[in-house]
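As a plain string of letters, each chain reads:
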Amino acid sequence: MSFWDSIKPAKKSPQGTSVELEADQRALSITWTDGAQHRVTARRLRQYCPCAECVEEWSGKRTYEVETIPQDMKIIEVVPTGNYALSFTFGDLHRTGIFNWEYLRELCERPA
Ligand SMILES: [Zn+2]
């Protein structure tokens, strides 16, 4: 590694350029600024919702077992939040989670 490699600016985390909800509403396809493409299920997003209702703020502990989220969880609506995040209305009408791009990418890449 040369000197110049070590002073490159920190890699900017990728953002979604297109987000498509599949016809059955059970999964999203996301295309990223770095060219990657992912498919992530509504169930997985609902399982790992980062909002204060789903994760206890003081302990970071999830308030439910992720396995109890139904297999057929749907996304009813996808709402962009500024240019840094998406929020969703899920089939159980839960809608308080704000998923920033960095977190979405992590969920897409984390093995199930
Ligand atoms: Zn939540």
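Please refer to the structure placed before this passage.
Residues numbered from 1 in each chain as written. Predicted model: local features only at pLDDT ≥ 70, side-chain atom pairs only at ≥ 80, totals over all residues. Heavy atoms only, no water.

*Asks:* I'd like a description of unusual backbone geometry, backed by residues and values.
*Replies:* At Q25, a position not held by glycine, the phi torsion is positive, near 65°. Inspection of the secondary structure puts Q25 in the loop between β1 (16–21) and β2 (27–32). Since its relative accessible area comes to 26%, Q25 is described here as partly exposed. Positioned with a positive phi, L93 is a non-glycine residue whose angle comes to about 70°. Secondary-structure assignment places L93 in the loop between β5 (85–90) and β6 (98–100). (Helix = DSSP H or I, 4+ residues; strand = E, 2+ residues; numbered from the N terminus. Buried < 20%, exposed > 50% of the residue type's maximum accessible area, 1.4 Å probe, protein only.)

*Asks:* Can you tell me about the pairing of strand β3 (residues 37–41), naming the residues and giving the values?
*Replies:* Of the two faces of β3, only one is covered, namely that formed by H38 and V40; the face formed by Q37, R39 and T41 stays uncovered. Sheet analysis places β2 next to β3, joined by 5 bridges and oriented antiparallel. Across the sheet, residue L28 finds its bridge partner in β3, namely V40. Hairpin connection, β2 to β3: the antiparallel pair is bridged by 4 residues, and G35 has positive phi, about 90°. (Pairing = 2+ DSSP bridges.)

*Asks:* Please give an account of the coordination of the zinc ion that cites residues and values.
*Replies:* Put simply, a metal with four donors set out as a tetrahedron has ideal angles of 109.5 degrees, and one with six donors set out as an octahedron has ideal angles of 90 or 180 degrees. Those donors, C49 (SG), C51 (SG), C54 (SG) and H94 (NE2), are the protein atoms that reach the zinc ion, and they lie 2.1 to 2.3 Å from it. For the zinc ion, the 4 donor atoms in the first shell make angles of 98 to 117° at the metal, a pattern classed as tetrahedral. Mapped onto the sequence, the residues coordinating the zinc ion show the spacing C-x1-C-x2-C-x39-H. Here H94 lies in the loop between β5 and β6 and C54 lies in the loop between α2 (42–47) and β4 (75–81), a separation of 40 residues in the sequence. (Donors = N, O, S within 2.8 Å, 3.2 Å for Na, K, Ca; no water. Tetrahedral: all angles 85-135°; square planar, octahedral: opposite > 155°, others 65-115°.)

*Asks:* Quick one: what's the story with the sheet that holds β1, residue by residue and with numbers?
*Replies:* Within the open sheet, the 3 strands sit side by side as β1-β2-β3. Their pairing is antiparallel. Edge positions in the sheet fall to β1 and β3, since each of these pairs with one other strand and no more. Averaged over all neighbouring strand pairs, the angle between strand axes comes to 20°, with direction disregarded. In terms of strand pairing, β1 meets β2 through 5 bridges, oriented antiparallel. (Axes fitted to C-alpha atoms, helices over the stretch in contact; angles between N-to-C directions.)

Keep in mind these values describe shape, not function.
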